[in-house]
Number of protein chains: 2
Amino acid sequence: MKKLILLIIINLTAVFGFAQESLSAKYNLMPWPKKVQAHNGKFVIDSSLTISINSKKSERVYHASTHFLRRLTDRTGVFLNEGFPIENKKGGIHIQFDEVSKLDIKNNESYTLTVNDSTIKISAKTDIGATRALATLLQLVDHNTKEYFIPGVTISDEPRFVWRGLMIDVSRHFQPIAVLKRNLDAMASMKMNVFHWHLTDDQGIRIESKTYPKLTALASDGLFYTHEQIKDVVAYADRLGIRVIPEIDVPGHASAFLTAYPELGSKDDYDYAIERFSGVFDPTLNPTLDITYTFLENLFAEITPLFPDEYFHIGGDENEGKHWDENKSIQKFKKKHGLKTNHDLQTYFNVKLEKILNKQGKKLMGWDEIMTPDMPTTAVIHSWRGENEGLAKGGTLIEAAKQGYQTVLSNGFYIDRMQSVVDHYTVEPIGDVKLTKAERERILGGEATMWCELVTPLTIDSRIWPRTAAIAERFWSPKEINNIENMRKRLKVVSFQLEELGLTHIKNRAVILRSMSNNQDIASLLNLSNLCEPLKIYARNVDGIEYKTYSSFNLFADACVTDASDALKFNEAVSEIVKGGDNLGVIGFLTTWSNDYKTFSQLEKNPKIRPLQPLFKNLALVSELLSKALQTKKISKESLQTIQNTMILLREPVADVELVIVDALNDLSSYCESNYSIK
Amino acid sequence: MKKLILLIIINLTAVFGFAQESLSAKYNLMPWPKKVQAHNGKFVIDSSLTISINSKKSERVYHASTHFLRRLTDRTGVFLNEGFPIENKKGGIHIQFDEVSKLDIKNNESYTLTVNDSTIKISAKTDIGATRALATLLQLVDHNTKEYFIPGVTISDEPRFVWRGLMIDVSRHFQPIAVLKRNLDAMASMKMNVFHWHLTDDQGIRIESKTYPKLTALASDGLFYTHEQIKDVVAYADRLGIRVIPEIDVPGHASAFLTAYPELGSKDDYDYAIERFSGVFDPTLNPTLDITYTFLENLFAEITPLFPDEYFHIGGDENEGKHWDENKSIQKFKKKHGLKTNHDLQTYFNVKLEKILNKQGKKLMGWDEIMTPDMPTTAVIHSWRGENEGLAKGGTLIEAAKQGYQTVLSNGFYIDRMQSVVDHYTVEPIGDVKLTKAERERILGGEATMWCELVTPLTIDSRIWPRTAAIAERFWSPKEINNIENMRKRLKVVSFQLEELGLTHIKNRAVILRSMSNNQDIASLLNLSNLCEPLKIYARNVDGIEYKTYSSFNLFADACVTDASDALKFNEAVSEIVKGGDNLGVIGFLTTWSNDYKTFSQLEKNPKIRPLQPLFKNLALVSELLSKALQTKKISKESLQTIQNTMILLREPVADVELVIVDALNDLSSYCESNYSIK
């Protein structure tokens, strides 16, 4: 009987999955809601549209409704008579919620949304749920040639995980308030609810301290947030239903701390300085000194009131303890306290920090290195290491949950690795692991991490988006929503709508290319950039010393993005040919690239675009030969040889990018060799 | 003898002018410096480049130097070993100045700049002068295929006028801090030195008041600047050598003030509300009440400390006094105080305000309506009215100076009128008027005014730039620098460099077109937008009621700009043909437009792009007929008739834009009629 029930459940899941999938071909919702039902009718958008709020005053709902109206008028061109929500009146869009929620980890974000011909009803337990419904509603806007409308649907929705975060590292490259705000907007549009603010690292302290003013005077290059600015960002996030978790990374990653206060360092007479390179560095706080704890207690006491959320991140990662090993008094201290390893010493440090934070009403969170045998389970484990760091697949997440820690997954969501969206989308946090209810509840969710060694305000949006939208779906939607092709289709629309929202991930690519070409016609460069991707997994900055923080990130690689759009299309078209399908699309691409090279050749050259010339030339050469072969159904031995020789060159990275159509070109060449007559 | 000297001076001016003009064909400097000499040699930019500062500490120079290094590395791709200026050491770029200046109207902004093979020397009286030199230096960066360099020059420079301003109206549409900061950056790059911040108007109060919190609670829609944000902007501007002049517009333009504090109004029982339309409205402060002055004195006392500059703008414009006429007690008051007209009453108000401001150490400035016979000459007259407002050509500027007022010119620099850059560039503030030294000194300079009724954060940069760069030249450079063709050539480069600096005037046009087309290929729309200009001189918003503040400004007209680029080229090419020149460029344009229409026709239509169809179709029709005529040197009567009929349609505004090639098309048609055989 048990088996039968299980079978029925499995079947229901399959049926459910299927129904949602056919709908997801129709609607471009992301993250896909828990349950969508389509029905007849449509709500037509005209100037008489109003939103009425029929509950307690909620700044969040008022703001989200106003924002909805602005975006709706901008998307449709329909001039609304009433530009603000009305209260407790009958409106076309009718919002009701039970309570104004304090923003914390227990928030109820569920909602239902019903669209009929004459009314749209949003109903939610909390005001935050109501704002999530408005995000969904905006994604439903559709049109024909004559009008904009919202199709008849009933949606009931709630998130799979309570923690759906994005971390932004503002130390390696400072990110101005405007960058943060527009990314918060984007997060909210994807129903993400945690902004993890990585505020300190070797390359700079980005938070004002009135208690320790040298932190920013000596260790920020003047680039930091004032208390007022932080309050402003936190309030902005709260209005969007996004919690803000600050990170003060200790005891490692401490070059900037020790530039300001060298007396807290583990190595005497060391010339601490703001780090300009990338990587893991030796400067570390000294965990054996009382002044270290006084410093941290005072600092935390000063800044914790700026962050109302209960969780507080202390980093704790990548401390290799080199300076500890080199310091005799630290060695003595370890012996005296029976601390055998540096891990034990760091745990000693973490436990003291946790007490300090608890006094301030905060819960300590740290990267998974803090999960040592003596660490109390009141700490929260941020799981970041996995196979790449020598751990088992899935990393430390499940282990942490089983040991009794609350835990958040970032392994698999390191978007700075510049991998395909598919690599992240297919990371299933729990998989088939069997967990007790308590264990499952301790798995809070996940966070995409935007480390900014190679990322500036000009490029950050294109590094975060649109990939993070797919990650947001992984965190919000049922596990069964995992069709890649369908995700890609929806992501394309979402990406465009993120630009509409104010993100710069599309438009700044052209800005970089215009700059590179000294304002010449960028059409050929843009096409090339749609075939190239920045080197992945830290290959762009080998050993962290190819780039300094103040090097240029206004280069060809910065105009390129992951999931290069034309490459995707071309690679797919080639696989069609190889399977015996049509080849028109392929010839079109090949012709474009050989023409593009002619256009490129006519550009006035400068030292920035010159390095692309051989790449472009070789691409054009191979394209011409293959195009000719496809058109004539003949290919010569010489041509095949030329293609093979050139392919070797095309595989070489150039200007920190790789051409991601080389395999497809190779397949095409093999296809020609096998199928066409060889002269 | 006097005549001979005059003759020599005139000749020298002519020779001087000529020499500068030939250099200005070579270098893309804007505003053009007072004196440029070219000489042999070039300073090559490589990774060893350093900037040394050899004077007192100046945050302005340190910041400008760092900013220079960042922009240099981004423009050239050269990775610098040293990313920050060094102090008192020998550097490739050597900066010296005599004093760190307090920012006020008396600033000395002169500098000299000498570029040799191995060193660049910047010398200035003040730190602000040194930052002006760095702005020039960045414009000199040149390249060949192998390297970037700065050509050998000696420049000595100083401004013609001490007041070179940009006003931004943040009331009609709120402009976030990031918008202001990037525009301040742009201003500094054009050596402008006054940001006039129009903070209040009928549509909203944008400055926080702790004394009168209802101002923002009830009259801002939540869109305003806190004191901290204002201090941040003022500090940011100071670092760039830009003074900030706040404007609190009274007694008219007071709808928002009176929404918050109706008791200060001139009309009893009036339902004051934030204004959503544009225009001149009746709500006016009551100048006969003591509480009005108490209110303003308290408000000014609260906010004047935020603005260190001596000048304070009280608006004072466009008060038609309707509500004064309708209020019996105001009528009585006028009689009692012998105030015959409403102008007299407003002067009474202004004089009281001036005393309040003087107590706070401020100089009162107001729009030129405040210049009434009884107004003390200690006030500063902001001249905005001219021929369009029924005054003599040149407006009130000269008159004000002659009467003893300091004065600033904005007549002719209303960039919200969406006129050609030429219309502003050719406004000569003083002309041939003979002035005494004292009168000339009272003419402080000018201000471009960005009124924002139809301007949002998405479009503001394209409404200000690049035209304001040419206005900045008018304010800085010698009068003799006035060659339009040469200005246009330099402006094109400057415009591109403003994008490099972070301005959005170029990239946001594509954003709007992508949004309009629902993310389809925008090539055809972009080409069309390069032939169209938004309706000028307030024709876009007749009577101020076609648009509300919350209507969409994400429309085709918002993607179009003045001085439409392809239209300029086409119009010029046609005038060449008419003169008997070559016609290849023209046929190319005509062919593009008829092909573009085919592309456009294939787009999936929506209500936003559909209205463009007839315009595009008619353009394609005329283009095809004219192209055929030019190619065959024949044209039929039917074709000529069709062209003439279609031209009537093309002259009609569509979607708030006008096609600005209609006259050229007409000329071309006439040319064909006159020169080709008619079948």
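Reading guide: rules and limits
- Residues numbered from 1 in each chain as written.
- Chains lettered and ligands numbered in written order.
- Predicted model: local features only at pLDDT ≥ 70, side-chain atom pairs only at ≥ 80, totals over all residues.
- Heavy atoms only, no water.
- Least-squares fit on C-alpha atoms with pLDDT ≥ 70 in both.
- Contact = heavy atoms within 4.5 Å.
- Buried area = accessible area lost by both parts, 1.4 Å probe.
- Salt bridge = Lys/Arg side-chain N within 4 Å of Asp/Glu carboxyl O.
- Helix = DSSP H or I, 4+ residues; strand = E, 2+ residues; numbered from the N terminus.
- Nonpolar A, V, L, I, M, F, W, Y, C, P; charged D, E, K, R; others polar.
- Phe/Tyr/Trp six-rings, centres within 6.5 Å; stacked < 30°, edge-to-face > 60°.
- Buried < 20%, exposed > 50% of the residue type's maximum accessible area, 1.4 Å probe, protein only.
- Lys NZ or Arg CZ within 6 Å of the ring centre and 35° of its normal.
- Expected span 1.5 Å × (residues − 1).
- Pairing = 2+ DSSP bridges.
- Axes fitted to C-alpha atoms, helices over the stretch in contact; angles between N-to-C directions.
- Arc of directions from axis to C-beta.
- Polar contact = N/O pair within 3.5 Å; in protein donor to acceptor, adjacent residues only side chain to side chain.
- Parallel < 35°, antiparallel > 145°, perpendicular 65-115°, else oblique.
- Left-handed = near helix turned anticlockwise from the far one by under 90°.
- Domains from an automatic or database assignment.

Looking at the relation of the copies chain B and chain A
Argument step 1. Superposing chain B onto chain A takes a rotation of 180° plus a shift of 0.0 Å along the axis, which leaves an RMSD of 0.1 Å. On the angle and the small slide along the axis, the relation comes out as a two-fold axis.
Argument step 2. The fraction of interface residues of chain B whose copies in chain A are also interface residues reaches 100%, indicating that both copies meet through the same surface.

Examining the interface of chain B and chain A
Argument step 1. Contact with chain B, which involves 51 residues of that partner, is made by 51 residues of chain A.
Argument step 2. When chain B packs against chain A, the two sides together hide about 4,100 Å² of surface, and 57% of this comes from carbon and sulfur.
Argument step 3. Sorting the residues of chain B by area buried against chain A places Phe79(B), Phe496(B) and Tyr550(B) first, and these three jointly supply 17% of that buried surface.
Argument step 4. Linking chain B with chain A are two salt bridges, by the criterion used here.
Argument step 5. Of all elements in the fold, only α2 (59-76), α6 (227-239), α17 (484-501) and α18 (507-516) of chain B reach the threshold of two or more residues within the side of chain B that touches chain A.
Argument step 6. Partitioning the side of chain B that touches chain A into residue classes produces 13 nonpolar, 17 polar and 21 charged.

Quick notes on the packing of aromatic side chains
Residues and elements named next belong to chain A.
Argument step 1. Taken as a whole, this structure holds 54 aromatic pairs over all chains when the rule is applied.
Argument step 2. When the centroid spacing of 4.4 Å and the interplanar angle of 50° are considered together, the rings of Tyr 212 and Phe 295 count as tilted. Taken as a pair, Tyr 212 in the loop between β12 (204-205) and α5 (214-219) and Phe 295 in helix α8 (residues 290-303) lie far apart in primary sequence, 83 residues in all. When sorted by exposure, Tyr 212 lands in the same class as Phe 295, which is buried.
Argument step 3. One aromatic cluster in this structure is built from Phe 174, Phe 195, Trp 197, Tyr 225 and Phe 307.
Argument step 4. A cation sits over an aromatic face here: Arg 70 above Phe 84, 4.8 Å from the ring centre.
Argument step 5. Over the ring of Tyr 425 we find Arg 474, and its NZ or CZ is 4.5 Å from the ring centre.

Re helix α23 (residues 612-632) of chain B
Argument step 1. With 21 residues, α23(B) should cover 30 Å at 1.5 Å per step; its first-to-last C-alpha distance of 30 Å lies within 8% of that length.
Argument step 2. Residue Lys633(B) follows α23(B) closely and has a positive phi angle near 55°.

Section: the sheet that holds strand β10 (residues 194-198) of chain B
Argument step 1. Ordered in space as β9-β10-β13-β14-β15-β16-β17-β18 (chain B), the eight strands form a closed barrel in which the pairing is parallel. When strand polarity is set aside, the average angle formed by the axes of neighbouring strands in this sheet is 25°.

What about helix α10 (residues 328-336) of chain B?
Residues and elements named next belong to chain B.
Argument step 1. Turning to α10, its buried residues number three or more, namely Ile 330, Phe 333 and Lys 334. Each buried residue of α10 sits inside an arc of 100° when the element is viewed along its axis, so together they form one side. In this structure, α10 carries Lys 328, Lys 332, Lys 335 and Lys 336 as exposed residues pointing more than 90 degrees from its buried face.
Argument step 2. Sitting at the amino-terminal end of α10 is Asn 327, which places a side-chain oxygen 2.9 Å from the backbone nitrogen of Ser 329.
Argument step 3. With its phi angle positive at about 65°, Gly 338 sits one or two positions after the end of α10.

Focus on the packing of helix α24 (residues 637-650) of chain A against helix α25 (residues 662-675) of chain A
Residues and elements named next belong to chain A.
Argument step 1. Viewed as axis vectors pointing N to C, α24 and α25 meet at an angle of 170°, and their least axial separation amounts to 11 Å. In terms of their interaxial angle, α24 and α25 are classed as roughly antiparallel. Of the two possible hands of crossing, α24 and α25 adopt the one that is left-handed. Contacts from Leu 640, Ile 643, Gln 644, Met 647 and Leu 650 in α24 reach Val 662, Leu 665, Asn 666, Ser 669 and Glu 673 in α25.

Remarks on the pattern of salt bridges
Argument step 1. By the definition in use, this model includes 74 salt bridges over all chains.
Argument step 2. Residues Asp221(A) and Arg276(A) are paired through a salt bridge, measuring 2.7 Å at the closest nitrogen-oxygen approach. Taken as a pair, Asp221(A) in the loop between α5 and α6 (227-239) and Arg276(A) in the loop between α7 (255-260) and α8 lie far apart in primary sequence, 55 residues in all.
Argument step 3. On the basis of relative accessible area, Asp221(A) is assigned to the partly exposed category, the value being 32%.
Argument step 4. A residue is classified by how much of its surface remains accessible, and Arg276(A), at 19% relative accessible area, is buried.
Argument step 5. For the salt bridge of Arg172(B) with Asp169(B), the shortest nitrogen-to-oxygen distance reads 3.1 Å. In terms of burial, Arg172(B) and Asp169(B) fall into one category: buried.
Argument step 6. Via salt bridges that share partners, Asp169(A), Arg172(A), Asp201(A) and Glu453(A) belong to a single interconnected network.

With respect to the domain arrangement of chain A
The parts lose accessible area when they come together, and the size of an interface is often stated as this lost area.
Argument step 1. Per the domain assignment, the segments making up chain A are domain 1 (35-157) and domain 2 (518-678).
Argument step 2. Taken over C-alpha atoms, the centre of domain 1 of chain A sits 45 Å from the centre of domain 2 of chain A.

A look at the sheet that holds strand β16 (residues 380-383) of chain A
Residues and elements named next belong to chain A.
Argument step 1. Sheet architecture is closed into a barrel: eight strands sit in the order β9-β10-β13-β14-β15-β16-β17-β18, paired in parallel fashion. The mean inter-strand angle of the sheet, taken between neighbouring strand axes irrespective of direction, is 25°.
Argument step 2. Examined bridge by bridge, strand β13 (residues 243-250) and strand β14 (residues 311-315) share two bridges and lie parallel to one another. Each residue of the ladder has a partner; that of Val 250, found in β14, is Gly 315.

Points about unusual backbone geometry
All names here are of chain A.
Argument step 1. Cis peptide bonds are those with omega within 30 degrees of zero, and the linkage from Val 250 to Pro 251 qualifies with 0°.
Argument step 2. Within the secondary structure, Pro 251 is located in the loop between β13 and α7.
Argument step 3. In this structure, Pro 466 follows Trp 465 across a cis peptide bond, with omega equal to 5°.
Argument step 4. With respect to the helices and strands, Pro 466 occurs in the loop between α15 (460-464) and α16 (467-476).

A look at the side chain of Asn193(B)
Residue and element names in this part refer to chain B.
Argument step 1. Inspection of the secondary structure assignment puts Asn 193 in the loop between α4 (177-189) and β10.
Argument step 2. One polar contact links Asn 193 to Glu 109, side chain to side chain, over a distance of 3.0 Å.
Argument step 3. For Asn 193, the residues in contact, after removing those within four places along its chain, are Glu 109, Arg 132, Val 162, Trp 163, Arg 164, Gly 241, Ile 242 and Arg 243.

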